[in-house]
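Here's the letter readout for the chains.
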Amino acid sequence: MCVPDLERKSLEYRKKILKYIKHASAGHTGGSLSCIDILNVLYNQILHVSPQNFSDNNRDRYIQSKGHSVEALYVVLADQGFFPESELETLCQYQSHFIGHPTRKVPGVEQNTGALGHGLALSVGTALAGKMDEADFKVFTLLGDGELAEGSNWEALLAASHYNLDNLVVILDYNKLQITGRNKDVMNVEPLLDKFKAFGLAVREMDGNDIASIKATLEDVPFESGKPNLVIAHTTKGKGVSFMEDSVKWHHGVPDDAQYQQAQEELDKKISALEKLESK
Amino acid sequence: MNSQINAETSKLKMGSPNLEVFSNTLQNLAAEDRNLVVVTSDSRGSGKLVPFGEKFPKQIVEVGIAEQNLVGIAAGLASTGKKVFAVSPACFLTARSFEQIKNDVAYSDNPVNLIGISAGVSYGALGTTHHSLHDFAALRAVNNITIVAPADNFETEMAIRFAAHSPQPFYIRFGKKNMPFISENKDFEIGKGRLVRNGKAAVIVATGETVYPALLAADHLEKTKGIRVAVVSMHTLKPLDTKLLTDLAGQFPVMLTVEEHMVNGGLGEACSGFLLQNGFAPKFKILGIPDEYTVTGSQLEIFDHYGISEKGIASEVLKMIDN
Ligand SMILES: [Mg+2]
């Protein structure tokens, strides 16, 4: 899929994320808008995974460690045909499988996540199995930045490096915000580049809200033979809606009717602008 | 009368440590199945897995001293269809990595076999950091995991073989000292307790390495008082054999449970919870490690201290019968 088509998809995904969060009156708005471009490129461009091959042991895996940004994952999985999008109308309702964190009851979800600091070790184990079997599949995992304070991540990075897992791709959704405020005020994680390099990882940085940048970076995996891949994706929490951007208030804020209207209009305008650009 | 289940305990054949049987069984299984993987956290020595590592270097994964990572990685491996045994001292495996067990193994349904070595007070003199007296209680509160404490070499081998082929998560824990065979009876099924001695006046429902002292106590009572007491090895704590418990409650007016675990939340509370909710009220007592700062010493000394011994168990049973 070409970059403009993916860009348009990202805007449509954003509209849907807001639609279902508004409908449920619950959700992790800021984080879902932050990582949606990454999920878009992964599922539409990079991952060899589909409803048809989901039981094939050689499929690529995507494990979302920052499970709370589940609305982004749901709209992408629906678009991939894992389930009808209308099922998202049950988001967070009594007995719905579409709960506030990924579970395997939802077709297309690899692991039940939500407690932070778990996805990376699961991904390391999965990638290790791939190496043991000399299989071709890759394992992608998405971490949040606040989550990096969980020590289990660093245990898992040690092992990823020890076992030379170049089939593992760790993507950090680095929006610099977490529920309490700025990472640097809550618990400083910097200098990240130096830390990851010191752990023996092949590190790249990208604009995690720019389709071309994401595509170019992820298409280049493995960055270095024998080293796990780590991508620092610089993102903006709440990306795409002016008043939600880079504001901790929208970590799990739900827009009221007027805000919702404004957000959808902003996104519609961006879609029209894209269309105009394409018709030229 | 079944002579097999009434063999005198002193005549029982001495076996090896359950730990050693576990290691040998795993080697036999690995020889037939390249998909079997062992994961260790700097625990291959204490897990008697050095020979395994030498024979099957491609089937053992070391994660270093990092039990959370041990369980997370084991779950990832299992998600691809590997038959995974994650081996670590029971104290660390079930406390440090509790959330990984709850979420990555049980909730995500990745069928890891968690092997808690040197369980209970096997590391008696090393203190509370190294005791696992909480593991039954902790894991009983987690959905989708089978909990097994084998009493002898036979039960250990059977449990390991069953777990290897089961598509469900398991927690199996044992100690490291030589264990006698508790019975010549070769019936074993996960989830089914074993009546290893017949009796009349009372029944002792024990698990793991406390089945042996329970048998010694039954001998003692028969020899000194002519009282015949039944003994059950309740190797599976979850799912609990409620059918057997129902039968026992119908037959015996007195029931004593024995476990190498805190009296809180283990075998005893599992049994009493079932019995009381189903209308049974035998004279009932839980013998285990009391809720106090645990005494230290060898496993045997700690057992003796808390009455998990031939004389201690016999005297508890006598008190219950007399009252
Ligand atoms: Mg963040």
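Residues numbered from 1 in each chain as written. Chains lettered and ligands numbered in written order. Predicted model: local features only at pLDDT ≥ 70, side-chain atom pairs only at ≥ 80, totals over all residues.

**Student:** Outline the overall build of chain B, listing residues and values.
**Tutor:** Within chain B, the secondary structure is distributed over 12 helices and 14 strands. The globule rule puts the C-alpha radius of gyration for 323 residues at 20 Å, and the 19 Å found for chain B is close to it. Judged by the C-alpha coordinates and their principal axes, chain B covers about 60 × 35 × 35 Å. A burial count over chain B gives 56% of its 323 residues as buried. In chain B, once contacts between residues fewer than 6 apart in sequence are set aside, the share between residues at least 24 apart is 78%. (Helix = DSSP H or I, 4+ residues; strand = E, 2+ residues; numbered from the N terminus. Rg over C-alpha atoms; globule rule 2.2 N^0.38 Å. Buried ≥ 20, exposed ≤ 12 C-beta atoms within 10 Å, placed from the backbone. Contact = placed C-beta atoms within 7 Å.)

**Student:** Can you explain the pairing of strand S7 (residues 170-173) of chain B? Please cite residues and give values.
**Tutor:** Residue and element names in this part refer to chain B. Residues Phe170 and Ile172 point to one face of S7 and Tyr171 and Arg173 to the other, with burial holding for every one of them. Across four bridges, the pairing between strand S5 (residues 113-117) and S7 is parallel. Considered in S7, the bridge of Ile115 is made with Ile172. Bridge analysis of strand S6 (residues 146-148) against S7 gives three bridges, and the strand direction is parallel. Note that in S7 the partner of Thr146 across the bridge is Phe170. Remark: the S6/helix H7 (residues 153-165)/S7 crossover connection has right-handed handedness. (Pairing = 2+ DSSP bridges. Right-handed = clockwise from strand over helix to strand, strands pointing away.)

**Student:** How would you sum up the sheet that holds strand S2 (residues 36-40) of chain B? Please name residues and give values.
**Tutor:** Residue and element names in this part refer to chain B. Strand order in the open sheet formed by seven strands is S3-S2-S4-S5-S7-S6-S12, with mixed pairing between adjacent strands. At either end of the open sheet lies a strand with only one pairing partner, and these are strand S3 (60-62) and strand S12 (236-238). Adjacent strand axes in the sheet meet at a mean angle of 20 degrees, parallel and antiparallel pairs treated alike. (Axes fitted to C-alpha atoms, helices over the stretch in contact; angles between N-to-C directions.)

**Student:** Can you tell me about the domain arrangement of chain B, naming the residues and giving the values?
**Tutor:** Residues and elements named next belong to chain B. Segmentation of chain B into domains returns domain 1 (4-12 + 184-322) and domain 2 (14-179). The gap between the C-alpha centroids of domain 1 and domain 2 is 25 Å. Each side of the interface is counted separately: domain 1 has 28 residues, and domain 2 has 28 residues. For the side of domain 1 that touches domain 2, the secondary-structure elements that each account for two or more residues are helix H8 (211-225), S12, strand S13 (254-262), helix H10 (267-277) and helix H11 (299-305). Class assignment for the residues of the side of domain 1 that touches domain 2 results in 10 nonpolar, 14 polar and four charged. (Domains from an automatic or database assignment. Nonpolar A, V, L, I, M, F, W, Y, C, P; charged D, E, K, R; others polar.)

**Student:** Describe helix H3 (residues 70-79) of chain A, listing the residues and the values that go with them.
**Tutor:** All names here are of chain A. Counting buried positions over the 10 residues of H3 gives nine, a clear majority of the element. Every buried residue belonging to H3 is among Val70, Glu71, Ala72, Leu73, Tyr74, Val75, Val76, Leu77 and Ala78, and all of these are buried. Looking at the buried residues of H3, the elements they touch are helix H1 (3-24), helix H2 (29-46) and strand S1 (61-64). Gly81 sits one or two residues past H3 and shows a positive phi near 90 degrees.

**Student:** So, the interface of chain B and chain A: which residues are in play, and what are the values?
**Tutor:** With 24 residues of chain B at the contact, the number on the chain A side is 20 residues. The element best represented in the side of chain B that touches chain A is helix H3 (residues 67-79) of chain B, accounting for nine residues. Per-class residue counts for the side of chain B that touches chain A are eight nonpolar, 11 polar and five charged.

**Student:** How would you summarise the packing of H1(A) against H3(A) if you had to cite specific residues and measurements?
**Tutor:** Residues and elements named next belong to chain A. Two numbers describe how H1 lies on H3: the axes approach to 9 Å, and their chain directions differ by 120 degrees. Between H1 and H3 lies a crossing whose hand is right-handed. Seen from H1, the contacting residues are Tyr13, Lys16, Ile17, Tyr20 and Ile21; seen from H3, they are Glu71, Ala72, Val75 and Val76. (Left-handed = near helix turned anticlockwise from the far one by under 90°.)

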